[in-house]
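Working through the structure, step by step
Listed below, chain by chain, are the residues.
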Amino acid sequence: SPSNNPLSPRKLDVLRLLLEGLPNKTIASRLSLSENTIKVHIAGIYAELNVHNRVQAVLRARQLGLN
């Protein structure tokens with residue numbers, strides 16, 4: 001449910017592409033954002049999910065049913 005989802009719609013877009021295993025450059029291209037913006041979003045995702053890397057973010061997202 002939205003109430004236990006800490007992520008903004010844009011961060012969710014980034015997370016879904018992370019779940020596909022795409023590199024930052026590809027995510028940036030898909031979302032028409034700069035690679036730096038993607039890095040900022042990913043840092044925010046990690047902070048909000050309390051994880052430190054992509055693997056943990058993917059596992060946490062699946063636990064939360066965000067995929």
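This write-up is about the structure you can find in this document.

Calculation criteria
Residues numbered from 1 in each chain as written. Predicted model: local features only at pLDDT ≥ 70, side-chain atom pairs only at ≥ 80, totals over all residues. Heavy atoms only, no water. Salt bridge = Lys/Arg side-chain N within 4 Å of Asp/Glu carboxyl O. Helix = DSSP H or I, 4+ residues; strand = E, 2+ residues; numbered from the N terminus. Buried < 20%, exposed > 50% of the residue type's maximum accessible area, 1.4 Å probe, protein only.

Another point: the pattern of salt bridges. One pass over the structure, following the stated rule, counts four salt bridges. A salt bridge links K11 to E48, with the nearest nitrogen and oxygen atoms 2.8 Å apart. Here the residue K11 occupies a position in helix α1 (residues 9-19), and E48 occupies one in helix α3 (residues 35-49), the gap between them amounting to 37 residues. A relative accessible area of 16% means that K11 is categorised as buried. The salt bridge involving D13 is made with R16; its shortest N-O contact spans 3.9 Å. Taken together, the positions of D13 and R16, both in helix α1 and three residues apart, correspond to about one turn of that helix. Taking relative accessible area as the criterion, R16 reaches 41% and is therefore assigned partly exposed. In this structure, a network of salt bridges that share partners links the residues R10, D13 and R16.

Our next topic: the environment of V55. Its place among the elements puts V55 in helix α4 (residues 54-63). Here the alpha-carbon distance between V55 and L19, two residues 36 residues apart in the chain, equals 8.9 Å.

Another point: unusual backbone geometry. Phi angles above zero are rare outside glycine, and S32 is one such case at about 55°. With respect to the element layout, S32 can be found in the loop between α2 (24-31) and α3. Since its relative accessible area comes to 65%, S32 is described here as exposed. With a phi angle near 60°, N50 is a residue other than glycine that sits in the positive phi range. Within the secondary structure, N50 is located in the loop between α3 and α4.

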